[in-house]
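# Reading the structure
Spelled out from the first residue to the last, the chains are:
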Amino acid sequence: MTISLCMIVRNEAESLARCLESAKGVADEIILVDTGSTDGTIDIAKRYTQKVYEFAWVDDFAAARNFAFSKATRQYCMWLDADDVLESGDREALLRLKALLPEEVDVVMMRYHTAFDEKGQPTFSYYRERIMRNSQQYRWEGRVHEAVTPAGNVVYSEIAVSHRKVKEADSGRNLRIYEMQKKAGETFSPRDQFYYGRELYYHASYDAALSILHEFLVEGQGWLENKIEACRTMALCHRANGEAQKARLALLHSFEYDAPRAEVCCDLGELFLAEEKYEQAIFWYQLALTKQRNDTSGAFVSPDCYGYLPYIQLCVCYDRMGQKKKAREYNEKAGKLRPDSPAYQYNKAYYEELFAEHKELSQ
């Protein structure tokens, strides 16, 4: 198996060397496509490869990525962003995969870690199509939140790419591209609709987001997991508008598409907790603990929702109900999963002091 690492970059002088160092030896060739850098990005790129190309930016990430793929000469194409990193363990695992991958494999799905806790462990993760056969069959689609539809012989790997940002991206870029696309009368795919709605939410345009996401759900197209995530985003919009009941209904609507995800259960628990309805909150947090993660579903997975978060929130619920001993038990369960969590540590100190006082008073 040989790999062409294909990247698109622009003004990534702060992070590019870190990325390429982590991928050194994994890629048999590196294709760097620059879309208009004004810093030292190109000079850094040329330390690692002479295959550096310029591509005029046309507000279309898929077009830029397809151009990069078109320059690849190896059996498979792999993509990374400049602020992505292959941690040492993942790098070694990828080298082993490269040596052992059966020839009939077309696409390798790899974990993508995009948020981390205080110890650097992932708190938000999902699978992405990371390595694919160098073929016209695998083309990027979408001006923003571009993707390649996995097809053929697809395998899932535990190897991860870690997205460790060095700088904040242009927060308004994606929304500007969608608005331009809309103004030009371009057709929105179901994926475009979903992500357009999410961008509107991120920019506090809650009513507009609700309208777009409702339309996405009514039309009934798109990926199952995007439908469930659309319900979660609609709930966030309703919460921002002060509409708690509508937020609950949006989350419950997600059950029409599949069995409850732990993330949705935690969302419902949070809503009831905010209203001081502790029994209802406890029900949903307890239900979350019964759910099994399915990272290969294509969902955005929050690992904490499958253990740590329900435990720490159950601690809060029982504490507020005056059941301090039970609350402490749940805090200890949370601590076994994330012993360095500030919330766990704070609660631990609180209960140690509380129960010490009770012991003194009982003597």
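The structure presented is a predicted model; accordingly, all values stated were derived computationally and were not measured.

### Regarding the environment of L287
Mapping L287 onto the fold places it in helix α11 (residues 278-288). When the C-alpha atoms of L287 and R130 are compared, they prove to be 33 Å apart, with 157 residues separating the residues in sequence.

### What to know about the sheet that holds strand β3 (residues 52-54)
Strand order in the open sheet made by the eight strands is β3-β2-β1-β4-β7-β6-β8-β5, with mixed pairing throughout. Both edges of this open sheet fall to β3 and β5 (84-85), since each of them pairs with a single strand only. Here strand β6 (residues 107-116) pairs with strand β7 (residues 122-133) via nine bridges, running antiparallel. Each residue of the ladder has a partner; that of M109, found in β7, is E129. Its contacts with the sheet put helix α1 (residues 16-23) on β1 (3-9), β2 (29-34) and β5, and the angle it makes with β1 is roughly 170°.

### A short note on the pattern of salt bridges
Counted by the stated rule, this structure contains 28 salt bridges. We note a salt bridge from R91 to E92, for which the minimum N-O separation is 3.3 Å. Here E92 falls in the partly exposed class, since its relative accessible area comes to 40%. For the salt bridge of D304 with R338, the shortest nitrogen-to-oxygen distance reads 2.6 Å. Residue D304 is found in the loop between α11 and α12 (308-320), and its partner R338 is found in the loop between α13 (324-337) and α14 (342-362); the two are separated by 34 residues along the sequence.

Calculation rules
Residues numbered from 1 in each chain as written. Predicted model: local features only at pLDDT ≥ 70, side-chain atom pairs only at ≥ 80, totals over all residues. Heavy atoms only, no water. Helix = DSSP H or I, 4+ residues; strand = E, 2+ residues; numbered from the N terminus. Pairing = 2+ DSSP bridges. Contact = heavy atoms within 4.5 Å. Axes fitted to C-alpha atoms, helices over the stretch in contact; angles between N-to-C directions. Salt bridge = Lys/Arg side-chain N within 4 Å of Asp/Glu carboxyl O. Buried < 20%, exposed > 50% of the residue type's maximum accessible area, 1.4 Å probe, protein only.

It is worth stressing that arrangement in space is one thing and function is another; only the former is reported here.
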